[in-house]
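# Per-entry structural report
Next come the chains, spelled out residue by residue.
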Amino acid sequence: QVQLVESGGGSVQTGGSLRLSCAASGYTYSTSCMGWFHQAPGKEREGVASISTRGTYNNYADSVKGRFTISRDNTKNTLYLQMNTLKPEDTAVYFCARRPLASCTGLAAEGIDYWGQGTQVTVSS
């Protein structure tokens, strides 16, 4: 059974930082492209960042470029999203997902087959 479990969300003030984690199990994580998405109330789910199988290639949405960093530890089957200089507009539920190889470092949600349950990030002020 494929499982993706996010953790690390919470409430911070504008300018603060959080590090999200995603623990993967039930599949060969080290050969899977991965990504982070977020969804704010009333909005569509949007791609935030993506990463290749070994972490060599990363991609970011313009809204988070320079503030967020995606990384992975294949020895621990864990995906990370370091979020710095947080803004109120970053408030959303954040999901990790396995990306199709054909769109490994893309940001679109099309073709996603496995999602985590999501973790809430709230940025005040």
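Summary of the structure given here.

What counts as what
Here the residue index of a chain counts from 1 through its sequence in written order. Given that this is a predicted model, residues contribute local features only at a pLDDT of at least 70 and side-chain atom pairs are listed and counted only at 80 or more, while totals for whole chains, interfaces and linings are drawn from all residues. The side-chain quantities take in all heavy atoms of the structure and omit both hydrogens and water. Two cysteine sulfurs form a disulfide in these notes if their separation is within 2.5 Å. Where helices and strands are cited, they refer to DSSP runs of H or I of at least four residues and of E of at least two residues respectively, numbered from the N terminus. Only protein chains enter the accessibility calculation, which uses a 1.4 Å probe; a residue whose area is less than 20% of its type maximum is buried, one above 50% is exposed, and one in between is partly exposed.

This next bit is on the state of the cysteines. In protein structure, a disulfide is the covalent linkage between the sulfur atoms of two cysteines. Tallying each qualifying case throughout the model produces 2 disulfides. A sulfur-sulfur distance of 2.0 Å marks the disulfide that ties Cys22 to Cys96. One quick way to see it: the torsion about the S-S bond of Cys22 and Cys96 is about 50°, and its sign makes the bridge right-handed. With Cys22 in strand β3 (residues 18-25) and Cys96 in strand β9 (residues 92-99), the pair connects residues that are 74 residues apart, well separated along the chain. Taken as a pair, Cys22 and Cys96 share a single burial class, namely buried. A sulfur-sulfur distance of 1.9 Å marks the disulfide that ties Cys33 to Cys104.

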